[in-house]
Amino acid sequence: MKKLNVALIGYQFMGRAHSNAWRQVGKFFDLPFEPVMKVVCGRNEADVKKAADKLGWQEHATSWQEVVARKDIDVVDICTPGDSHMPIALAAAEAKKVVFCEKPLANTLAEATRMLDAVKRAGVLHMICHNYRRVPAVALAKELISQGKIGTIRHYRGVYLQDWIVDPEFPRVWRLDKAKAGSGALGDIASHSLDFARYLVGEIAEVTGMMKTFITERPLPGEKKRAPVDVDDAALTLLRFENGAIGSVEGSRFATGRKNYNRFEINGSKGSVAFDLERLNELEVYIEEGPNSGFRTVLVTDGKHPYIQGWWPPGHLIGYEHSFTHTVLDLVHAIDEQKLPSPNFEDGVKNQRVLDAIERSAASGRWEKSS
Ligand SMILES: NC(=O)c1ccc[n+]([C@@H]2O[C@H](COP(=O)([O-])OP(=O)(O)OC[C@H]3O[C@@H](n4cnc5c(N)ncnc54)[C@H](O)[C@@H]3O)[C@@H](O)[C@H]2O)c1
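Remember, it's a predicted structure, so these values are computed and weren't measured experimentally.

How each quantity is defined
Residue indices begin from 1 for each chain and proceed along its sequence in written order. Only residues with pLDDT of at least 70 get local features here, since the model is predicted, and only at 80 or more are side-chain atom pairs given and counted; chain-wide, interface and lining totals rely on the full set of residues. Side-chain descriptors were evaluated using all non-hydrogen atoms of the structure, hydrogens and water having been removed beforehand. Strands are runs of DSSP state E lasting at least two residues, helices are runs of H or I lasting at least four, and both sets are numbered from the N terminus onward. Relative accessible area decides the class of each residue, using a 1.4 Å probe on protein chains only: under 20% of the type maximum gives buried, over 50% gives exposed, and in between gives partly exposed. What makes two residues a contact is simply this: any of their non-hydrogen atoms within 4.5 Å. Any two strands with at least two DSSP bridges between them are considered paired. Salt bridges are counted wherever a side-chain nitrogen of Lys or Arg sits within 4 Å of a carboxyl oxygen of Asp or Glu.

Trainee: If you had to explain the side chain of Arg133 to someone new, which residues and values would you point to?
Mentor: By secondary structure assignment, the location of Arg133 is in the loop between β6 (126-129) and α6 (136-146). What makes Arg133 buried here is its relative accessible area of 6%. Not counting residues up to four positions away in its chain, the partners in contact with Arg133 are Val138, Ala139, Asp195, Phe196, Arg198, Tyr199, Ser342, Pro343 and Asp347.

Trainee: Quick one: what's the story with the pairing of strand β7 (residues 153-161), residue by residue and with numbers?
Mentor: Looking at chain direction, β7 and strand β13 (residues 261-268) are connected through eight bridges and run antiparallel. Following the sheet pairing, Arg157 is matched in β13 by Glu265. Where β7 and strand β12 (residues 246-252) come together, seven bridges link them in parallel fashion. The residue bridging His155 from the neighbouring strand is Ile246, located in β12.

Trainee: Could you give me a rundown of the pattern of salt bridges, with the residues and numbers involved?
Mentor: By the definition in use, this model includes 31 salt bridges. Asp356 serves as the salt-bridge partner of Arg360, at 3.0 Å between the closest nitrogen and oxygen. Of this pair, Arg360 and Asp356 both sit in helix α10 (residues 345-364), four residues apart, which is roughly one turn of that helix. A relative accessible area of 34% means that Arg360 is categorised as partly exposed.

Don't take any of this as a statement about function, it's just geometry.
So, in structure tokens, the structure goes:
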């Protein structure tokens, strides 16, 4: 079988999730290529060596510049904080690699646009990792909407709620540093909810936004010294879609008791769908069918449901990590067919345009155009 050599940059949270996906995908699905976990890259030699051994990479490296220039690498998989997405992606595109990048695409709209220009100029395939699109229940919601089962969409209601920084003494990690992360809850979690909105409902024409930082100073990790927090702890937005639907998105890291509550509800003229990541094997569906109609919970674990044929018999549940395996599966097929995968850097830029408009609106107090 043909081989597809992968280089992973960054090996912590997303690096582990992507490593698992590359390791598992060929064990459960038929592939046109054998993915080869060639090299993982980090900054600390001892740590990255340990990560390579544990996660199953053949080699380790400490310079992403050298890794992306290697002739034997086909795919560069970017799992680093936002401030390094652009330089790595530009170099990878120039070296004619397939570029697979974590979300949000970059820290600013200008950087995201440069990344899109670079992959287009180089003529290379590109994908952004909005993995939640490939949770089977979300893919089923997409099928039902595309088949017109819930009619004309009127409402999108998305929330993405966490509580991991409620303690004011929680350290100022990179996610709380604008220079590293670009924004806070907005780019980190609301961006997923906004991707759902674009994927399931349509393009977002304009927004009004509000952003709040509750704790403005925190201790630096491992130090007594404190440093300012210059990103949002929570971000809220109202949305006007180009197709006439209206919506709202709320992202917060201060929703006490909510761990990874990524939920949406979509109401159409003939029915509704609702999804909650913390119950990811289920989709709530309401189809207007007269006096006996009501919401029912569909257990999305049948062979006929999206992606499930690769896994277990009905009712044998799948988890968070499978969304990454499905994303890598579709990426590998797209590479074989030389077709642009979805979502790609175009989607990354459109998402970033909405993030940018929300920030502008939060500053101006006015509705701002987002497409
Ligand atoms: N798709 C999702 O659901 C999802 C979830 C979490 C994070 N993310 C995104 O994934 C990216 C990484 O987040 P994370 O949670 O994995 O962060 P993390 O802190 O867990 O890991 C970051 C990794 O990048 C490495 N790194 C940092 N700078 C580097 C450099 N210059 N060269 C080489 N390696 C470098 C670090 O050593 C570490 O291994 C971010 O863009 C984040 O927004 C996406």
